Amino acid sequence: MSTASDVLAALDEVHDPEVDRSVTDMGFIRSVTEEGGRVRIVMQLPTYFCAPNFTWLMVDDVRQAAERVVGKGAVTVSVEDHFESERIQSGVQSRGGFMTAFPSEAEGDLEDLRDHFRRKTLLIRQEQVCRQLEEIGVDAESLVDLVLGDVARLELPGLGKYLTTREELGVGCRHDDPFLIAADGRPVGPEQVRAHRRSARVMAVSFEGNGHLCKALLAERYPSELTVVTEGEVA
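So, here is what we can say about the structure in this document.

Calculation criteria
- Residues numbered from 1 in each chain as written.
- Predicted model: local features only at pLDDT ≥ 70, side-chain atom pairs only at ≥ 80, totals over all residues.
- Heavy atoms only, no water.
- Helix = DSSP H or I, 4+ residues; strand = E, 2+ residues; numbered from the N terminus.
- Buried < 20%, exposed > 50% of the residue type's maximum accessible area, 1.4 Å probe, protein only.
- Areas by Shrake-Rupley, 256 points an atom, 1.4 Å probe, with all protein chains shown as cover.
- Lys, Arg positive; Asp, Glu negative; His and termini not counted.
- Charge placed at Lys NZ, Arg CZ, Asp CG, Glu CD.
- Core = buried A, V, L, I, M, F, W, Y, C linked by side-chain atoms within 4.5 Å.
- Contact = heavy atoms within 4.5 Å.
- Expected span 1.5 Å × (residues − 1).
- Arc of directions from axis to C-beta.

**Details of the overall build of the chain**
Secondary structure summary: the chain contains eight helices and six strands in total. When the backbone C-alpha atoms are referred to their principal axes, the chain occupies close to 60 × 45 × 35 Å. Here the chain, with 235 residues, has 44% of them falling under the buried criterion. Surface summary for the chain: the accessible area is close to 12200 Å², and the carbon and sulfur share equals 50%. Here the chain contributes 26 positive and 41 negative side-chain charges, whose respective centroids are spaced 3 Å apart.

Right, dumping it as structure tokens:
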């Protein structure tokens with residue numbers, strides 16, 4: 001495989017924080033090109049006015065994922081046809097931070113925003129595992145009694161992503177840690193389960209709807225597929 005292909009594979013792990021789907025699955029990667037040990041990634045988004053803060057998060061995450069493959073300072077990421085493309089590209093490239101690049105627009109540290117959506121993702125992924133547990137006969141009322149070791153033994157397909165999100169948030173992932181937790185990491189009590197799961201399902205519907213809308217808008221704006229160009233083919 002070429003370096004460009006390796007980078008593209010690494011981008012499968014970068015997610016749009018509003019839909020919990022990878023930027024490659026969403027079609028946000030327009031091209032990955034490699035020349036002389038450097039990689040250039042061009043992104044495309046559903047609209048010209050996609051929010052700069054979310055765009056920045058994805059561009060910065062894409063840069064970091066690519067640099068883990070080719071090394072720090074060897075990656076350039078740009079956004080095609082975005083109203084703040086130049087400011088985002090230069091800001092991410094210089095590592096100056098969103099608040100430095102957008103002093104009048106920034107309402108707080110982007111890490112707070114990232115954390116907020118990651119906790120939503122935690123609940124959505126947890127609910128997916130809850131449904132998988134119910135499908136194999138686990139009683140809904142017993143979910144509060146489960147610890148992670150109980151669930152791990154069942155080898156459910158959604159558990160890996162759920163545990164990854166717990167780890168990213170610094171929430172306990174030991175075998176004796178409770179499976180069902182709130183967004184802040186505290187265990188969910190029996191009297192809270194119904195409201196807790198209802199809230200997670202509402203979030204999941206919102207994320208799914210955002211994903212379908214983004215893909216539809218993107219398909220109208222950019223009907224062609226992404227391009228991976230290997231070393232020596234760059235004009």
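**Describing the nonpolar core**
In this structure, Leu11, Ile29, Ile41, Met43 and Val62 are the most contacted members of the largest nonpolar core, which totals 43 residues. For this core, the leading source of residues is helix H2 (residues 52-70), giving eight residues. Once residues within four sequence positions are removed from consideration, methionine 43 is found in contact with Phe28, Ile29, Arg30, Met58, Val59, Val62, Val77, Ser78, Val79 and Glu80. One finds Val129, Leu146, Tyr162 and Val193 within the second-largest nonpolar core, a separate group that totals 19 residues.

**As for helix H5 (residues 110-135)**
Helical geometry: 3.6 residues make up each α-helical turn, so side chains three or four residues apart lie on a common side. Over its 26 residues, H5 runs 38 Å from end to end, which matches the ideal 38 Å to within 8%, given 1.5 Å per residue. Glycine 137 sits one or two positions beyond H5 and adopts a positive phi of about 100°.

**Things to note about helix H3 (residues 85-94)**
Listed as buried for H3 are Ser85, Ile88, Gly91 and Val92. With its buried residues spanning 145° around the axis, H3 presents them on a single face. For H3, the exposed residues set more than 90 degrees away from the buried face come down to Glu86 and Ser94. Summarising the contacts, the buried residues of H3 are in contact with H2 and strand E5 (75-80). Where H3 ends, the next residue or the one after it, arginine 95, has phi of about 60°, a positive value.

**Some words on the environment of isoleucine 29**
Here isoleucine 29 lies in strand E3 (residues 29-35). For the pair formed by isoleucine 29 and valine 62, sequence separation is 33 residues and the distance between their alpha carbons is 9.4 Å. Filtering out sequence-adjacent residues up to four positions away, isoleucine 29 remains in contact with Leu8, Leu11, Val23, Thr24, Ile41, Val42, Met43, Val62 and Leu226.

**Some thoughts on unusual backbone geometry**
Of note in this structure, aspartate 81 is not a glycine but carries a positive phi near 55°. Looking at where aspartate 81 falls in the secondary structure, it is placed in the loop between E5 and H3. The phi torsion at arginine 95 lies on the positive side, around 60°, for a residue other than glycine. Position of arginine 95 among the secondary structure elements: in the loop between H3 and helix H4 (98-101). In this structure arginine 95 comes out as partly exposed when scored by relative accessible area, which is 37%.

Remember, this is a structural readout, not a statement about activity or role.
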